[in-house]
Amino acid sequence: MRKITILFAFLFSISLLAQNINFNDPLPENTRVKKGVLPNGLTYYIYNTDVVKDAASYYIIQNVGSVLENEDQQGLAHFLEHMAFNGTKNFPDKGITDKLEKHGASFGRDINAYTMFEETVYNMNNIPATPDLIDTCLLVLHDWANFLSLKEEEIDLERGVIKEEWRTRQNGFMRVYEQKMPVLFNNSIYTKRMPIGKMDVVDNFKYKALRDFYHDWYRTDLQAIAIIGDVNVEDIEAKVKTLFSPIPAVENPRERFVITIPENDELMFSSAMDVEVKSTSIDFGIRHAKNLKKKTVADLKSDLLRSITVTMLAIRLGELNDHQDSPLLRASLSFSDISRSTNTFKLLISPKVNQQQAAFEMVLKEVNRAVKFGFTQGEMDRAITRYINSYENQIVKIENTSHRTIEGMIQKNYLENARMRDIEKEYDIAKQIFNTLTLEEAHLKLKSLYTTKNRFVTATAVKGEENITEEEALQIISAAENDKTLTAYEDAFSGKTLLGDMKINKGKIVSEEENKATGSTTFVLSNGIKVHYKFANNPKNDVTLNAISYGGLSLIDDADLASASHMNSLVTGSGLGDYSRNDLSKVLAGKTVRANSSISNLTESVSGASSTKDVATMLQMVHLKFVKPRFDKEVFDVLIANSNNQLVRRSNSLSQKIKDSMLVTFYGSNNPKKPLFNKEYIESISFETIQEVYKERFKDASDFEFFIVGDVSKEQLKPLLESYIASLPTKKQTEMYKDNSTEWLSKTIKKDLFFKMENPKTTVSIIYKNDVEYTLKNALVMRAFGDILQLRYMETLREQEGGTYGTSTSAGLSKRPQEKGSLEVRFDCNPEKADKLIGMVYDELSKVAAGEINTTDFDKTITNFLKEREQAKGYNQYDMNVLTNFYREGYDMNDPANFEDLVKSISVNDIVEMAKKLIDGGDKAEVIIKALD
């Protein structure tokens, strides 16, 4: 009776609040953001947060993109972005990256930029917030705003880099997208202004064209800077005013126009095709104008209604994929922006081979079922519960919001006049709105999204298939909208719980031991399971679980490997306990929780994550993963049908041909541990075998070591462990993995592979492997060796030669099943420069082995190691790594002797000796992908 009284009081109070909503009121703004505009028009934002201790991130948001280019400037907005790293007033040549890398930052990861249709954004992330570096980064922003050098010799060097970026990204999917652009953007300027630009312009533009674009558009009234991090807001604001105010405003500036995509009354249709794309798809979209005005409470209600409606319909579409005879591989729904001024309500449909029309028809009927009949109360209640849960999670984690997320909010405010949300105050309003929402309002919202104007269909076709035509698309849409046989959606799911009537026999915690070194507690349970636990709350309201056991695929017979490799997909797709995947999502509505089981090469594991309030549900799911996993035969049949569909697609796919050829080059065509994906492979996958493998690998929970880290108190956790983990049946057996290493066909592999390509390019892979003793120091030395090479290749192959957009260079040391060192160097390049670049790769490698290591590169690498480790500390994931390494690898990550002291002890000679160990007498491969003439 007391619970009923409390619930009535709560609903009554909400009802009274709802009566007080003024839908014309403006929405609350985030007052933590310090925003100002200088007299010259430059906007600044400053936000204090210690989410990364003693570090700050810096951004300059240029309200400038490729749509502003003249015909002879196509690609120059993006080119200018590159030039910002090639010399400024206070940082000549590569001075920006050189200065920041010396303090541990990494180009690409910490220092980067991007150019889009409408904006160009530069970033320096997680830079140590020392007085010197704060001043340095503000000076970089200052130079990016108005003081690029644009030296002619640097411009000419960068032409090659830009061309190689284009070459790397110019694949079949990009060419298909370009074919679709006239329909997506209704023949507006977007269609002719891909940010990468035209290569004939990049090759031949006059220096003046780039400088004209720079002087026209890089100006204070189109610029905002953002400083986010562990800084004093007042001090930063004073520095900004002093440093940026003297930049002059441009007199008589060119108009910064906003592109509006024209409306269309009739459906627009395109069918795109490329010889390298072998997967069909159909997108059906409806464009809607964005609201760029200041938003009110009424706008919040409209936005929430739209989000809830899209969520409900998207869940229905997801259910269409779960039947073997469905013509769909998948279908989804989104509502997102396509341009500065336009959003799209868009269906994304992936059909099976030769079933485009049937797939489109199935999805359109489901959409029109909702348009005609609306939604059920159960759907609405679950959707609202999900959004309430989302709000509450965001509020609890507000102090853990990342720099990048904060910058995204600021960027939207500057470029689109979007509100910087005060999530706590907004939630107070949203709770009142949720209480007033009705099914009729959701139904009307869907109808307002599914309009007859501004429609488009873009299809990806494949030669030889029964590709959908414009006439067919129109007929299917009309038939679905006029189908009188449609009936309302039935939702019989309600009031069910995860465990149902399952009986659980609780166990006990038999011992509890504190570990001062790690700040953790180890519980030994009555069934023999050990659980290592540590409280951590960065981020808050996050709890993670890992349970690990040795064995994995290494203990599986070769004949069963194909089945075992598909175990994860089947178990995840089948749901859990008594519930299918779709029903499970309904049971878990309003909860932040997941649990997965998986098998890898040497281990099997169960992982989980949840909010603090949902830890019990997470542990219930983990319990079910051991005692009541679900294997759905219909899901298996869908998996096999999709695999057969994929096989047809792969047969003519360039990327898959390359992948298969690489596999055969290294391991042959009949290696059971490295199989080709073919008909025989699919036929060897067995439903029964998957079940047997799972039950064998997960039969003994006591062979798993459990780790729980996060924002859950010991008092909350202990009774839950007794209920759901100590109750697991165990055999108290211990297993170990086997060495299942797969050797190359030969110690030395050198092969050229030729393929027909629409845009010729050469892809180079150079790999070394050798026996190297595993120690903590050796692992660090090997990693440093790879990072130093990456810096050298960036300088030589990209910057000096302009022959590649960039190399991917990594070196590592494995501990098990064998102690092996490896180095991999991969890059795309101009075919005409391939031989020269390959020679340069070997030259730099030989120099390192001979002791010719640039001291600056060495110092940058060591400093980066120390910076990254320091900034990782204090996070929940770091604490999880501490526990895992302490109990499974036998060392304490927090002990400086196991990291900081080792890093500082690394010498140039250590790198030289490691290089020699790796390349002398080991395995070596050089595989080059080339275009057929």
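Please refer to the structure higher up on the page.
Residues numbered from 1 in each chain as written. Predicted model: local features only at pLDDT ≥ 70, side-chain atom pairs only at ≥ 80, totals over all residues. Heavy atoms only, no water.

### Brief notes about the nonpolar core
Core analysis: the biggest nonpolar cluster contains 69 residues, and Tyr58, Met124, Leu141 and Trp144 have the highest contact counts within it. When near neighbours in sequence (up to four residues on either side) are disregarded, Tyr58 contacts Tyr122, Asn123, Met124, Ile127, Leu133, Ile134, Cys137, Leu138, Leu141, Ala226 and Ile227. If you look at the next biggest cluster of nonpolar residues, it comprises 61 residues, including Val571, Met621, Ile682 and Ile725. (Core = buried A, V, L, I, M, F, W, Y, C linked by side-chain atoms within 4.5 Å. Buried < 20%, exposed > 50% of the residue type's maximum accessible area, 1.4 Å probe, protein only. Contact = heavy atoms within 4.5 Å.)

### Thoughts on the packing of helix H2 (residues 76–83) against helix H8 (residues 207–217)
Packing of H2 against H8 leaves a shortest axis separation of 10 Å and a crossing angle of 85°. On the basis of their axis angle, the class for H2 and H8 is roughly perpendicular. Contacts from Leu76, Ala77, Phe79, Leu80 and Met83 of H2 reach H8 at Ala209, Leu210, Phe213 and Tyr214. Its residues assigned to classes, the contact of H2 with H8 comprises nine nonpolar, no polar and no charged. (Axes fitted to C-alpha atoms, helices over the stretch in contact; angles between N-to-C directions. Helix = DSSP H or I, 4+ residues; strand = E, 2+ residues; numbered from the N terminus. Parallel < 35°, antiparallel > 145°, perpendicular 65-115°, else oblique. Nonpolar A, V, L, I, M, F, W, Y, C, P; charged D, E, K, R; others polar.)

### Quick notes on a negative patch on the surface
On the surface, Glu466, Glu470, Glu471 and Glu472 cluster together into a negatively charged patch. Within the secondary structure, Glu472 sits in helix H16 (residues 470–481). (Patch = residues over 30% accessible without salt bridge, like charges linked within 9 Å, V, L, I, M, F, W, Y side chains within 5 Å. Areas by Shrake-Rupley, 256 points an atom, 1.4 Å probe, with all protein chains shown as cover. Salt bridge = Lys/Arg side-chain N within 4 Å of Asp/Glu carboxyl O. Lys, Arg positive; Asp, Glu negative; His and termini not counted. Charge placed at Lys NZ, Arg CZ, Asp CG, Glu CD.)

### Describing the pattern of salt bridges
Overall, the coordinates contain 85 salt bridges when judged by the stated rule. One salt bridge in this structure joins Asp212 and Lys208, with 2.7 Å as the shortest N-O distance. Of the two residues, Asp212 and Lys208 are both situated in helix H8; the distance of four residues between them amounts to about one turn of the helix. In this structure, Asp216 and Arg254 form a salt bridge, with 3.2 Å as the shortest nitrogen-oxygen distance. In this pair, Asp216 sits in helix H8 while Arg254 sits in the loop between helix H9 (233–244) and strand S7 (268–273), placing the two residues 38 residues apart along the sequence. Exposure remark for Asp216: the relative accessible area of 24% places this residue in the partly exposed category. Several salt bridges share partner residues, and in doing so they unite Lys94, Glu154, Glu158, Arg798 and Glu799 into one network.

### So, unusual backbone geometry
For the peptide bond that leads from Asn538 to Pro539, omega is 10°, which places it in the cis range. Inspection of the secondary structure assignment puts Pro539 in the loop between strand S14 (530–535) and strand S15 (543–550). Cis geometry is found at the peptide bond from Arg816 to Pro817, where omega equals 5°. Following the sequence through the fold, Pro817 ends up in the loop between strand S21 (808–814) and strand S22 (820–829). In the Ramachandran plot, Asn186 falls in the positive-phi region, its phi being about 50° despite a non-glycine side chain. Even without being a glycine, Lys732 presents a positive backbone phi close to 55°. A relative accessible area of 57% means that Lys732 is categorised as exposed.

### Side note on the sheet that holds S15
Spatial ordering of the open sheet is given by S12-S13-S14-S18-S15-S17-S16, a layout of seven strands whose pairing is mixed. In the strand order of this sheet, the two ends are held by strand S12 (509–515) and strand S16 (593–599), each with one partner. On average, adjacent strands in this sheet sit at an angle of 15° to one another, irrespective of strand direction. Sheet analysis places S15 next to strand S17 (residues 603–610), joined by eight bridges and oriented antiparallel. Across the sheet, Ala547 pairs through a bridge with Val606, a residue of S17. (Pairing = 2+ DSSP bridges.)

### Quick look at the side chain of Glu801
Along the chain, the position of Glu801 falls in the loop between helix H26 (776–800) and S21. In terms of polar contacts, Glu801 uses its side chain to reach the side chain of Lys836, at 3.2 Å. (Polar contact = N/O pair within 3.5 Å; in protein donor to acceptor, adjacent residues only side chain to side chain.)

### A short note on the packing of aromatic side chains
For the structure on display, the rule yields 26 aromatic pairs. Judged by centre distance (5.1 Å) and plane angle (90°), the rings of Phe626 and Phe704 are edge-to-face. Of this pair, Phe626 sits in helix H20 (residues 615–627) while Phe704 sits in the loop between helix H24 (687–697) and strand S18 (705–710), placing them 78 residues apart in sequence. You can call Phe704 buried: its relative accessible area is 3%. Ring-pair connections join several aromatic residues into one group, and the members of that group are Phe626, Phe631, Tyr694, Phe698, Phe704 and Phe706. Lys89 extends its terminal NZ or CZ atom over the ring of Phe147, reaching a point 4.9 Å from the ring centre. Over the ring of Tyr550 we find Arg888; its NZ or CZ atom is 4.6 Å from the centre of that ring. (Phe/Tyr/Trp six-rings, centres within 6.5 Å; stacked < 30°, edge-to-face > 60°. Lys NZ or Arg CZ within 6 Å of the ring centre and 35° of its normal.)

### As for the environment of Met83
By the element assignment, Met83 lies in helix H2. For Met83, a relative accessible area of 0% puts it in the buried group. As for Met83 and Lys904, which are separated by 821 residues in sequence, their C-alpha atoms are 35 Å apart. When residues no more than four places from it in sequence are discounted, the contact partners of Met83 are Leu150, Lys151, Glu154, Ile155, Glu158 and Leu210.

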